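# Residue-level structure breakdown
In case you want the letters, here they are:
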Amino acid sequence: MSSYHPLTLDEAMQLSRTVLDLFDANSELTCQEIGDGNLNLVFHITDTNSRNSVIVKQALPYAKIVGESWPLSLDRARIEREILQEEYRICPGSVPQVYYYDDELALTIMEDLSDHVIMRKGLIEGNHYPLFSKHIGEFMARTLFYTSDLAMDQSLKKEKVKKFVNPDQCKITEDLIFEEPYRFSERNNYSPSIEDEAEALRTDHELHLEIAILREKFLTQAQALLHGDLHTGSIFITPESTKVIDPEFAYYGPIGFDIGAILANLLLHYVSVPGWVRGEAAVSAREEELLLMVQNVWTEFERSFCELWDQDVQDYMARTKGYQEFYVAKLLQDSAGYAGSKMIRRIVGLAHVADIDTINDETIREQAERKALSIGKNLVKNHRKITSITDFMNLVIDASKGKVGQR
Ligand SMILES: Nc1ncnc2c1ncn2[C@@H]1O[C@H](COP(=O)(O)OP(=O)(O)O)[C@@H](O)[C@H]1O
Ligand SMILES: CSC[C@H]1O[C@H](OP(=O)(O)O)[C@H](O)[C@@H]1O
């Protein structure tokens, strides 16, 4: 079964039975294709006797969201699998365990995390995740610090940069995040009711300059091995546990890109709250909770990253007094810029978020979209001036109250 073709349900079951000890000849397997993402096939295989189960994820040679007219390299499956193994080593239990892989078939068989829920869905349902900020802050601090020049043998790090060059996935990001929202593109996707906002994005020179600066950093700065698409749809969660999936956009890039992804997706949920929660007091309480999560993601990341730096930094010059503060201050600025650009792309670009798109009430949905754009633009335009997480939060709050430009 080794030459590439998309697997049928039967083939996915047959392969799992053959290669895994988990299933024996008596297993009664069932299989469902459950892929709800934009790119890949995901098979969920269960033994109805033992209840043991696994996930088989297989890359398609094109972007599923668009079709065969958008070819993509299958090598992304190898990259995703290697990153999962790397992240499991650096941060045990934070990602699904890889049980088996076949790079020819572009597939990975991994731990089934169905006892968790996808965080985006959990947030929409109104669930509370009090440990999330700490978990994800530590996950990012560990995975990003230990793959950077701060902690690695710098020759080995250069080898890793080569191994994780991921051109097709990076091109998606470069186009969908750092270009198409700012010009006419057939792939852009927004409702006519916000045409005025889309037009403003295309003509705002101040915004274009900041996006060009963020884009350049994304193209050129091999700072650490990123997850590359760390949104709330790539996180499995319960109130006690957080697991990260789907690192197929991984590559060596700017650390703030991963942090910004988390902040952006929490803020995209924040603007959607009136679509999900009824009553003024309940809306405010949920909004406060989300803003606190946003702030805590940064503070937990910063605390953990600095702790690891103090314990384990290898680069001689990085011990210089003042350098850590300089480095972390830049990370906060980058995180703000990337958070803003990711909010904007999810409103006017090709791929959206369910938090906003599935709000039934058109007026509330439009208000959420406008608020997301306002926060996104404020973060992008001011990211290089931010000196503290308080500055970041003030930019968010001002924009959500319509106070942009009045500070
Ligand atoms: N390890 C896993 N355990 C359980 N379900 C999974 C697992 N990995 C993926 N899934 C399911 O498959 C869906 C799509 O997976 P994802 O990796 O996000 O695919 P894509 O790369 O196409 O976005 C997830 O939303 C989740 O429902
Ligand atoms: C053409 S891919 C669009 C979009 O989809 C990816 O997300 P996911 O696979 O998690 O659904 C990524 O964010 C891409 O930018």
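Please read all numbers here as calculations on a predicted model, not as lab measurements.

What follows deals with the side chain of Lys160. Topologically, Lys160 is positioned in helix H5 (residues 154-163). Beyond its immediate stretch of four places on either side in the chain, Lys160 contacts Glu86, Arg89, Met152 and Tyr252.

Taken together, 14 residues form the shell around ligand 2, and within it Asn38, Asp229, His231, Arg345 and Arg346 come nearest. Side-chain polar atom of Asp229 to an oxygen atom of ligand 2: 2.9 Å apart, as the coordinates give it. When ligand 2 is considered free in solution it has 400 Å² of accessible area, and contact with the protein chains removes 94% of it. Placement of ligand 2 is best described as lying within the largest pocket. Elements that contribute at least two residues to the shell around ligand 2 include exactly helix H6 (167-176) and helix H11 (323-348). Its residues assigned to classes, the shell around ligand 2 comprises seven nonpolar, three polar and four charged. Mapping the shell around ligand 2 onto the domain boundaries places at least three of its residues in each of domain 1 (9-111) and domain 2 (117-400).

Right, let's talk about the sheet that holds strand S10 (residues 235-237) for a bit. Two strands in a sheet stick together by hydrogen bonds in their backbones, pointing the same way (parallel) or opposite ways (antiparallel). Spatial strand order, S8-S10-S11: three strands in an open sheet with antiparallel pairing. The open sheet is flanked by strand S8 (117-118) and strand S11 (242-244), the only strands paired with a single partner. Pairing geometry for S8 and S10, over two bridges, is antiparallel. Along S10, the bridge assignment pairs Val117 with Ile237.

All right, on to the environment of Leu207 then. For Leu207, the position within the fold is in helix H8 (residues 205-220). Placed 134 residues apart in sequence, Leu207 and Ser341 show a C-alpha to C-alpha distance of 9.8 Å. Sequence-distant contacts of Leu207, defined by excluding residues within four places in its chain, comprise Tyr182, Leu201, Ile344, Lys377, Val380 and Lys381.

Our focus in this paragraph is the packing of H6 against H8. Contact pair H6 / H8: the axes reach a minimum separation of 11 Å and the direction vectors enclose 175°. The angle between H6 and H8 falls in the class roughly antiparallel. Facing H6, whose interface residues are Cys170, Thr173 and Glu174, H8 presents Arg215, Phe218 and Leu219. Classifying every residue of the contact of H6 with H8 by side-chain character gives three nonpolar, one polar and two charged.

With that out of the way, let us pick up helix H13 (residues 362-382). Here H13 contains 21 residues, and its C-alpha end-to-end distance of 30 Å stays within 8% of the 30 Å for a straight helix at 1.5 Å per residue. The opening residue of H13, the one whose side-chain oxygen lies 2.9 Å from the backbone nitrogen of Thr363, is Asp361.

To continue, consider the layout of surface pockets. Counted as a void, the largest pocket has a volume near 1200 Å³. Taken together, 48 residues make up the lining of the largest pocket; nearest its centre are Asp36, Gly37, His231, Gly233 and Asp246. Contributing elements (two or more residues each) for the lining of the largest pocket: strand S2 (40-47), strand S3 (53-59), strand S7 (107-111), S8, helix H3 (119-124), H6, H11 and helix H12 (354-357). Considered class by class, the residues forming the lining of the largest pocket number 22 nonpolar, 12 polar and 14 charged. Mapping the lining of the largest pocket onto the domain boundaries places at least three of its residues in each of domain 1 (9-111) and domain 2 (117-400).

Turning our eyes to something else, we now look at the UniProt feature "domain: Aminoglycoside phosphotransferase" (unreviewed entry) in the protein. Mapped onto the present numbering, the UniProt feature "domain: Aminoglycoside phosphotransferase" (unreviewed entry) falls at residues 30-264. Annotated as residues 30-264, this span is 39% helix and 21% strand, and its ends, taken at the C-alpha atoms, are 37 Å apart.

Within the element layout of this structure, Thr173 appears in helix H6. Residues contacting Thr173, with those up to four places away along its chain left out, are Phe178, Phe218, Phe249 and Phe257.

As a further point, take the pairing of S7. The buried fraction of S7 is high, at four of five residues. Where S3 and S7 come together, five bridges link them in antiparallel fashion. By the bridge assignment, Val54 is partnered in S7 with Glu111. Sheet topology places strand S6 (residues 98-102) next to S7; four bridges connect them, and they run antiparallel. Paired with Tyr101 across the bridge in S7 is Thr108.

Residues in contact with ligand 1 amount to 19 residues; listed here are only the nearest, Asp36, Asn40, Lys57, Leu113 and Glu248. For ligand 1, an oxygen atom lies 2.7 Å from a polar atom in the side chain of Asn40. A distance of 2.8 Å separates a nitrogen atom of ligand 1 from a polar atom in the backbone of Leu113. Here ligand 1 loses 92% of its free accessible area of 550 Å² to cover by the protein chains. The set of elements that each furnish at least two residues to the shell around ligand 1 consists of S2, S3 and S7. Looking at side-chain class alone, the shell around ligand 1 contains nine nonpolar, four polar and six charged residues. Both of domain 1 (9-111) and domain 2 (117-400) provide at least three residues apiece to the shell around ligand 1.

What counts as what
Residues numbered from 1 in each chain as written. Chains lettered and ligands numbered in written order. Predicted model: local features only at pLDDT ≥ 70, side-chain atom pairs only at ≥ 80, totals over all residues. Heavy atoms only, no water. Helix = DSSP H or I, 4+ residues; strand = E, 2+ residues; numbered from the N terminus. Contact = heavy atoms within 4.5 Å. Near = heavy atom within 4 Å. Polar contact = N/O pair within 3.5 Å; in protein donor to acceptor, adjacent residues only side chain to side chain. Areas by Shrake-Rupley, 256 points an atom, 1.4 Å probe, with all protein chains shown as cover. 1 Å grid on protein atoms, 1.4 Å probe; cavity = no way out; pocket = protein on both sides within 12 Å on 5 of 7 lines; lining within 4 Å. Sits in = over half its atoms within 2 Å of the grid points. Nonpolar A, V, L, I, M, F, W, Y, C, P; charged D, E, K, R; others polar. Domains from an automatic or database assignment. Pairing = 2+ DSSP bridges. Axes fitted to C-alpha atoms, helices over the stretch in contact; angles between N-to-C directions. Parallel < 35°, antiparallel > 145°, perpendicular 65-115°, else oblique. Expected span 1.5 Å × (residues − 1). Points joined across faces, edges and corners; volume = space filled by probe spheres on them. UniProt positions renumbered as here; feature names shortened; annotations may be inferred. Buried < 20%, exposed > 50% of the residue type's maximum accessible area, 1.4 Å probe, protein only.

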